[in-house]
Amino acid sequence: MYFKMDHFIVVGGTSGIGKAISENLNKQGLHVTTISRRTEGLTGIDHVSLDVIQSEISVERFEGDIKGMVYCPGTINLKPFRSLSIEDFREDWEVNFLGAVKSLKTLLPKIKESRASIVLFSTVAVQMGMPFHASIGSAKAAIEGLTKSLAAELAPNVRVNCIAPSLTETPLTERLLSTEERRKASADRHPIGRVGNPEDLAQMACFLLSEQSSWITGQIIGVDGGLSTLRV
Ligand SMILES: NC(=O)c1ccc[n+]([C@@H]2O[C@H](COP(=O)([O-])OP(=O)(O)OC[C@H]3O[C@@H](n4cnc5c(N)ncnc54)[C@H](OP(=O)(O)O)[C@@H]3O)[C@@H](O)[C@H]2O)c1
């Protein structure tokens, strides 16, 4: 199957933040393809069913330039360091970091042909040390390093930026926000007084994908209700 010209590929574009990004781009009339494990994609948006850890994205199916790529798969595996197994680390690094590396390696030859933008996801827990985040924090720190290295290597043709969210209401965080008490405590920790919603992050990702941000590359951008920088 072949798709139209000028793609935006959203790996993990079927849930939470990635879904909000895909829908936002689609609403702008842009051509979006989501990639994720589930067989059904979003209404009106092309979808490729694939586990990016297990299988290769077959780039031949994309015709024309890839103008933007976002990598959204992530985990939340919060445990004290002594309880984190090597397998926990391996899994977090595979989903958060190596999956992004694999996706980029496959898609980059298509991306490099055009002036394109890549958006990756870190977490507030890289900038701020937080207990129980050793595995996810280290995997996301690797994403931040990858962002800067690739931004340098691919300039000026391709921009690479990274968004570092704080707690955002998505299927990934359902358990953390499952009671009214938890929701209130989480909201109260943020200077802006609430947790994030997927659209908060999608707005930033779509800006970074657009020509409006054409002078921004190699940045780690906190979209975190002020948590990483303010004490109020
Ligand atoms: N939500 C937060 O509070 C928060 C905070 C800090 C950072 N982040 C980061 O922001 C990003 C998005 O988070 P989110 O909360 O929107 O996550 P989410 O709701 O769990 O969505 C993740 C997406 O990735 C896909 N996916 C997962 N594993 C995959 C695999 N192996 N191959 C292909 N697709 C895969 C999922 O679809 P399938 O299940 O169909 O594969 C889904 O579309 C993540 O990198 C996360 O670490 C989130």
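Procedures and definitions
Residues numbered from 1 in each chain as written. Predicted model: local features only at pLDDT ≥ 70, side-chain atom pairs only at ≥ 80, totals over all residues. Heavy atoms only, no water. Core = buried A, V, L, I, M, F, W, Y, C linked by side-chain atoms within 4.5 Å. Buried < 20%, exposed > 50% of the residue type's maximum accessible area, 1.4 Å probe, protein only. Contact = heavy atoms within 4.5 Å. Salt bridge = Lys/Arg side-chain N within 4 Å of Asp/Glu carboxyl O. Helix = DSSP H or I, 4+ residues; strand = E, 2+ residues; numbered from the N terminus. Pairing = 2+ DSSP bridges. Right-handed = clockwise from strand over helix to strand, strands pointing away. Axes fitted to C-alpha atoms, helices over the stretch in contact; angles between N-to-C directions.

## Thoughts on the nonpolar core
Membership of the largest hydrophobic core comes to 30 residues, with the highest contact counts inside it found for Ile35, Leu107, Ile111 and Ile118. With sequence-adjacent residues up to four places away left out, isoleucine 111 is seen in contact with Ile66, Met69, Ala116, Ile118 and Val158. Residues Phe121, Ala205, Leu208 and Val223 belong to the second largest nonpolar core, which totals 22 residues.

## Observations concerning the pattern of salt bridges
Following the criterion strictly, the structure yields 5 salt bridges and no others. A salt bridge links lysine 184 to aspartate 188, with the shortest nitrogen-to-oxygen separation between them at 2.6 Å. Here aspartate 188 and lysine 184 lie together in helix α5 (residues 180–188), a separation of 4 residues that amounts to about one turn. For the pair lysine 184 and aspartate 188, a shared accessibility class is recorded, and that class is exposed.

## Describing the pairing of strand β1 (residues 7–11)
In terms of residue burial, β1 counts as a mostly covered element, since 5 of its 5 residues are buried. Residues of β1 alternate between two faces, with His7, Ile9 and Val11 on one and Phe8 and Val10 on the opposite face, all of them buried. Alignment of β1 against strand β2 (residues 31–36), held across 5 bridges, turns out to be parallel. Counted as the bridge partner of phenylalanine 8 is valine 32 from β2. Taken together, β1, helix α1 (residues 16–27) and β2 form a β-α-β motif whose crossover is right-handed. Here β1 runs beside strand β4 (residues 66–71); their pairing, made up of 5 bridges, is parallel. Paired with isoleucine 9 across the strands is methionine 69, a residue of β4.

## Focus: the sheet that holds β2
The 7 strands are arranged β3-β2-β1-β4-β5-β6-β7 in an open sheet whose pairing can be described as parallel. Two strands close off the open sheet at either side, each with one partner strand: β3 (46–49) and β7 (220–223). Going across the sheet, the axis of each strand differs from the next one's by a mean of 20°, ignoring polarity. As defined by bridge partners, strand β5 (residues 116–121) adjoins strand β6 (residues 158–165) across 6 bridges and the pair is classed as parallel. Residue pairing for β6: serine 117 is matched across the bridge by arginine 159.

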